[in-house]
Amino acid sequence: MNSFDVIVIGGGHAGIEAAWVCARRGLQTALISLDIKKIGLMSCNPAIGGLAKGQLVREIDALGGLMGRIIDESGIHFKMLNTSKGPAVQSPRAQADRGYYAVVAQKFLNNSANLHLLEGMVSGLGVRNGKVTSVLLNDGSEIKARAVILTAGTFLNGIIHVGLNHLPAGRAGDLPARGLSETLMNYGFRTGRLKTGTPPRIHRDSIDYSKTEEQKPDNPPRPFSFSTDRINRQQISCYITYTNPHTHDILREGFDESPMFTGRIQGVGPRYCPSIEDKIDRFADKSRHQIFLEPEGYTNPEVYVNGFSTSLPGPIQERAIRTVSGLEKCRIIRLGYAVEYDFFPPDQLYATLETKAIEHLYFAGQVNGTSGYEEAAAQGFLAGLNAALKLQSEEPFALKRSEAYIGVLIDDLINKIHEEPYRMFTSRAEFRLLLRQDNADLRLMDHGYRLGLVDDHSYDRLQRKREEIKKIRDAHLQEIISPATFNEKITHSAPLTQSQPVEKLLRRPEVNLVDLLRLKGAPEYSRDAVLDVEFSVKYKGYLDRQQALLEKFVKTEGVRIPEALDYNVIKALSAEAREKLNRIRPANLGQAARISGVSPSDISVLMVYLEKYRRMGVPRETI
């Protein structure tokens, strides 16, 4: 075939989700990769999830995406993070068998109807009348498409750095993508350079584990996907160790040959995931830094040295890593390196991730300046879905930041100026008490089912969960427990002096709903349903306050701004606000308020302007 409905460029996490959702929507879809055997290959950390990132994966799954299902099938170490804190900041994370993760991803794609995997390098685009019409390959061939989704990751003009040595590559062993950035710049796109890095990999048999701290996986492991019943695969441990002053001294010896400190690297790296040389430079007062030793699979001998990302010269890496406790005799399989690549500032996109300059062209993943597999996958899913909906003449799909972490991600990307790779954190979500990882299905699966992306089995499970939650609330929260019954069984809480309802007793921090239900001889309910009810009772005050804030948020989101509004005529706005508002074209007042450089006083001016014309009877769309 030389013509498709949708072409997805790139086979990373964003490309997988974009291709999957387009094909599921019934569109003839092609995923073009430099090497189809490497589709789904984890370029850096062999793990999925983590703080806030785990919420993204659960949301992708609730909407009908793939990432949660792939990690459930390939995970070797599942862990729920932040269990000592409240449910709002708890996040699932899982180590993957790195090679098998790619195998599972390719299995899903190969078994998907309407989806075709092609090998080649896209070097240009065909555009007619402001609309993308095809992709051009470096062998001179052309493939027509009604929509194109660019998910090229770190491959656009990628350069790998190790010390003062550098070579063109999108990642170790893979050529960069040439020509595409230049094509897009010719169409008026602004571009920039970012960088990311990866640590050395060492042989697992060369580690002295007696000098490290074992981190055991959760037992039982909790799945990411709402369609997974249980994880039956064998789980293995990870390990923790630390650098020391001697390590830091050796690393400093390499600063003169560091591409970061010598200025050879122009791209900005992720502030929240710095290289080891950056850490010891910025935090010179710290005598040690934590290192996580993460196996890359059951049979793969490589261990990922998380926390030791570096682009220092090879001899410095080798000497320094062997000063770390437990790694004195380690064998390095692969050196760490930095990779520098092109990205496109995402204020050039609509909330659908369609580009403003070229219709039916979408960007997703690290080309938008994000870091992380999970952020990429969320964007890929949304870009794929909106490309499909547009081709099928249906309304676009968007999530508010009050509805999902995905909504926060997209809203932040298109409204803020990004000078470093964007990474998701729970602190970015104002409504994180409402946007927990455990209730992603309750929040989002209705959307996925309506869109034809969630199967009947998964949706039936959601309905059963909702029924159980209602039964627990209606049948058990007001049941009375006597002092005799409570004091005999619940010995870790203050004795009861008079009978009280389950709901009141549940407000005690040390009391859980499972124990109270057992006291009353209640039927066995699912863990997720019980925890949902327990959370709503224990955190009722906080939830009520967050709900009040949400209502204010919804009100500002409801004040629409005409797309054609010329902000230059509103002279009371600051010059920066006029420039940013004209560039981003916010859809509503809430979005306008979150744009970098638009102050509260600018929003007040805009409100007065919109209200003035409303009172004059001028239709909003003509303002």
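Residues numbered from 1 in each chain as written. Predicted model: local features only at pLDDT ≥ 70, side-chain atom pairs only at ≥ 80, totals over all residues. Heavy atoms only, no water.

A. Here's a closer look at the overall build of the protein. From N to C terminus, the protein includes 20 helices and 22 strands. Taking 2.2 N^0.38 as the reference for a compact globule, 623 residues should give roughly 25 Å; the C-alpha atoms of the protein span a radius of gyration of 26 Å, in line with that estimate. Along the longest, intermediate and shortest principal axes, the C-alpha atoms of the protein span 80 × 80 × 50 Å. Looking at the protein as a whole, 57% of its 623 residues qualify as buried. Here the analysis covers contacts within the protein between residues at least 6 apart in sequence; of these, 72% occur between residues at least 24 apart. Just so you have it, the protein exposes about 26,100 Å², and 50% of that area is on carbon and sulfur atoms. Between the mean site of the 81 positive side-chain charges and the mean site of the 75 negative ones, the protein shows a separation of 3 Å. (Helix = DSSP H or I, 4+ residues; strand = E, 2+ residues; numbered from the N terminus. Rg over C-alpha atoms; globule rule 2.2 N^0.38 Å. Buried < 20%, exposed > 50% of the residue type's maximum accessible area, 1.4 Å probe, protein only. Contact = heavy atoms within 4.5 Å. Areas by Shrake-Rupley, 256 points an atom, 1.4 Å probe, with all protein chains shown as cover. Lys, Arg positive; Asp, Glu negative; His and termini not counted. Charge placed at Lys NZ, Arg CZ, Asp CG, Glu CD.)

B. Quick peek at the domain arrangement of the protein. One can read the domain layout of the protein as domain 1 (201-340), domain 2 (463-529) and domain 3 (558-616). When each unit is reduced to the centre of its C-alpha atoms, the spacing between domain 1 and domain 2 is 45 Å. (Domains from an automatic or database assignment.)

C. Examining unusual backbone geometry more closely. That bond from Asn 219 to Pro 220 is cis: its omega, 0 degrees, falls within 30 degrees of zero. Structurally, Pro 220 can be placed in the loop between strand 14 (213-215) and strand 15 (238-242). Positive phi is not limited to glycine here, since Asn 82 has a value of about 65 degrees. Residue position: Asn 82 is located in the loop between strand 4 (75-81) and strand 5 (91-96). Residue Asn 114 is not a glycine yet carries a positive backbone phi of 75 degrees. Its location among the elements puts Asn 114 in the loop between helix 4 (98-110) and strand 6 (115-119). Using a relative accessible area of 26% as the deciding quantity, one classes Asn 114 as partly exposed.

D. Broad picture of the side chain of Glu 374. Following the sequence through the fold, Glu 374 ends up in helix 9 (residues 373-391). Ignoring sequence-local partners within four residues, the contact set of Glu 374 consists of Ala 47, Ile 48, Gly 49, Lys 53, Leu 56, Val 57, Ile 60 and Met 67.

E. Spatial organisation of the packing of aromatic side chains. A full pass over the atoms with the stated rule returns 10 aromatic pairs. Consider the rings of Phe 78 and Phe 224, whose centres lie 6.3 Å apart with planes at 50 degrees: the pair is tilted. Here the residue Phe 78 occupies a position in strand 4, and Phe 224 occupies one in the loop between strand 14 and strand 15, the gap between them amounting to 146 residues. Here Phe 224 falls in the buried class, since its relative accessible area comes to 0%. (Phe/Tyr/Trp six-rings, centres within 6.5 Å; stacked < 30°, edge-to-face > 60°.)

F. Geometry of helix 2 (residues 53-63). Among the 11 residues in helix 2, 11 count as buried, and that is most of the element. Looking only at helix 2, the buried set comprises Lys 53, Gly 54, Gln 55, Leu 56, Val 57, Arg 58, Glu 59, Ile 60, Asp 61, Ala 62 and Leu 63. Where helix 2 ends, the next residue or the one after it, Gly 64, has phi of about 110 degrees, a positive value.

G. Focus on the pattern of salt bridges. Following the criterion strictly, the structure yields 40 salt bridges and no others. Across the salt bridge formed by Arg 282 and Asp 278, the nearest N and O atoms sit 3.2 Å from each other. Taken together, the residues span about one helical turn, with Arg 282 and Asp 278 both in helix 7 (residues 276-282) at a distance of four residues. Look at Arg 282 and you get partly exposed, because its relative accessible area is 39%. For Glu 359, the salt bridge identified is with Lys 390, shortest N-O distance 3.2 Å. You can see Glu 359 sitting in the loop between strand 19 (337-343) and strand 20 (361-363) and its partner Lys 390 sitting in helix 9, a full 31 residues away along the chain. Relative accessible area serves as the criterion here: at 32%, Lys 390 is assigned to the partly exposed category. It is possible to trace a salt-bridge network through shared partners that takes in Arg 401, Asp 411, Asp 412, Lys 416, Glu 430, Glu 557 and Arg 594. (Salt bridge = Lys/Arg side-chain N within 4 Å of Asp/Glu carboxyl O.)

H. Spotlight on the sheet that holds strand 3 (residues 47-49). The strand order across the open sheet formed by three strands is 3-5-4, and the pairing between neighbours is antiparallel. Sheet topology places strand 3 and strand 4 at the edges, where each strand pairs with a single neighbour. Within this sheet the neighbouring strands show an average axis-to-axis angle of 15 degrees, counted without direction. In the sheet, strand 3 pairs with strand 5 via three bridges, with the strands oriented antiparallel. (Pairing = 2+ DSSP bridges. Axes fitted to C-alpha atoms, helices over the stretch in contact; angles between N-to-C directions.)

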